[in-house]
Amino acid sequence: MNPPSFRWLIPGLILLLGASKALAAALVDDFSVESVELNTAAPPPFPIDTTQVLNGLGQTVSRTFSVGAATGMAQVQVFQGSFGFIAEPASGSVASLGYDSFTADLSATPFLRLDFLSIVGIGSMAIELRGASGTQTTGLIEQQLVSGAGISRFFDVRTFADYQPGFLSDVDFLILAFAGTEGQFFDLKLDRISFTGDAGLGGEIPEPAATAGFAGALLGLLGLARRARSRSRTRS
């Protein structure tokens, strides 16, 4: 008797593996929806913002981004597939990207992935997520950004401050906040935001000493981003 052949299973296994890979990533924004250009200079308004609706996380998502400068000029825009933030030296500039009006289960994709097309100069960033109940917020601050091209950063949300088991099953708010370093020109281009389940990619988290001094400014920046989000909801 000839042994049974399992060749007929191969196409199905390929399809299953492909489906598993697809389910292991959740796209937030690939910046295919372009925006107006926002320019600001001191004195205030600080910050100015705009809101758009796009498809992300398999549903409709509201995207609000803002920019402000304390002593100089700064600019943000979504253009040609990337979010760009440019700041003059010594401008005390800040920018944020906020996503809401969605509800997502990210339990299987706990790693936040940020793909940067390029970074010129030195800056910093902060990340914050909120649960749909509105009672739990988890965040990571003190992240330094340094010059480079084609940079991907991965952050395990389960390591963020105040994270509790089950938080990722019901997320409805994400903010990314950026700041240029005083005294230096800063140019950032971010071309993709997603969540992934690939634990092998691990979180690139600098040692605390590498980012000392950024925390206070970034906490203030997250506050500005929240207020921009509130204003956009009031206008709508």
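Residues numbered from 1 in each chain as written. Predicted model: local features only at pLDDT ≥ 70, side-chain atom pairs only at ≥ 80, totals over all residues. Heavy atoms only, no water.

Visitor: Just checking my understanding: could you explain the overall build of the protein chain for this structure?
Guide: Within the protein chain, the secondary structure is distributed over two helices and 13 strands. The contacts of the protein chain with a sequence gap of at least 6 include a subset with a gap of at least 24, amounting to 76%. Just so you have it, the protein chain exposes about 11,300 Å², and 59% of that area is on carbon and sulfur atoms. (Helix = DSSP H or I, 4+ residues; strand = E, 2+ residues; numbered from the N terminus. Contact = heavy atoms within 4.5 Å. Areas by Shrake-Rupley, 256 points an atom, 1.4 Å probe, with all protein chains shown as cover.)

Visitor: Looking at this structure, I do not really get the packing of aromatic side chains. What am I missing?
Guide: Each aromatic ring pair is specified by the distance between its two centres and by the angle formed by the two planes. The full count for this structure, using the stated rule, is five aromatic pairs. A centroid spacing of 5.7 Å and a plane angle of 75 degrees characterise the contact between Phe65 and Phe83, whose relative ring orientation is edge-to-face. Here the residue Phe65 occupies a position in strand E4 (residues 59-68), and Phe83 occupies one in strand E6 (residues 82-87), the gap between them amounting to 18 residues. Each member of the pair, Phe65 together with Phe83, is buried. Members of the aromatic cluster, each reached through a chain of ring pairs, are Phe31, Phe65, Phe83 and Phe178. (Phe/Tyr/Trp six-rings, centres within 6.5 Å; stacked < 30°, edge-to-face > 60°. Buried < 20%, exposed > 50% of the residue type's maximum accessible area, 1.4 Å probe, protein only.)

Visitor: What am I meant to see in the sheet that holds strand E9 (residues 123-131) here?
Guide: To summarise the sheet geometry, strands pair through backbone hydrogen bonds and adopt either a parallel or an antiparallel arrangement. The sheet built from six strands is open, its strands ordered E3-E4-E7-E12-E9-E10 with antiparallel pairing. This sheet does not close on itself; its edge strands, each paired only once, are strand E3 (48-56) and strand E10 (137-145). On average, each strand axis in the sheet is inclined to that of its neighbour by 15 degrees, with strand direction left out of account. Pairing analysis gives seven bridges linking E4 to strand E7 (residues 94-100), with the strands arranged antiparallel. Looking across to E7, one finds that Ser66 is bridged to Ser96. (Pairing = 2+ DSSP bridges. Axes fitted to C-alpha atoms, helices over the stretch in contact; angles between N-to-C directions.)

Visitor: Before we go on, may I ask you to explain empty space enclosed by the protein in this structure?
Guide: The gaps of empty space that remain are located by a probe, the size of a water molecule, rolled over the atoms. Scanning the model with the defined rule gives one cavity of 30 Å³ or more in all. Estimates place the volume of the largest cavity at around 40 Å³. Take the lining of the largest cavity: its biggest share by element is three residues, from strand E12 (residues 171-180). Its residues assigned to classes, the lining of the largest cavity shows 10 nonpolar, no polar and no charged. (1 Å grid on protein atoms, 1.4 Å probe; cavity = no way out; pocket = protein on both sides within 12 Å on 5 of 7 lines; lining within 4 Å. Points joined across faces, edges and corners; volume = space filled by probe spheres on them. Nonpolar A, V, L, I, M, F, W, Y, C, P; charged D, E, K, R; others polar.)

Visitor: Before we go on, may I ask you to explain the pattern of salt bridges in this structure?
Guide: The final tally for this structure, using the stated rule, is five salt bridges. Here Asp187 makes a salt bridge to Lys189, at a shortest N to O gap of 3.3 Å. On the accessibility criterion, Asp187 (12% relative accessible area) is buried. (Salt bridge = Lys/Arg side-chain N within 4 Å of Asp/Glu carboxyl O.)

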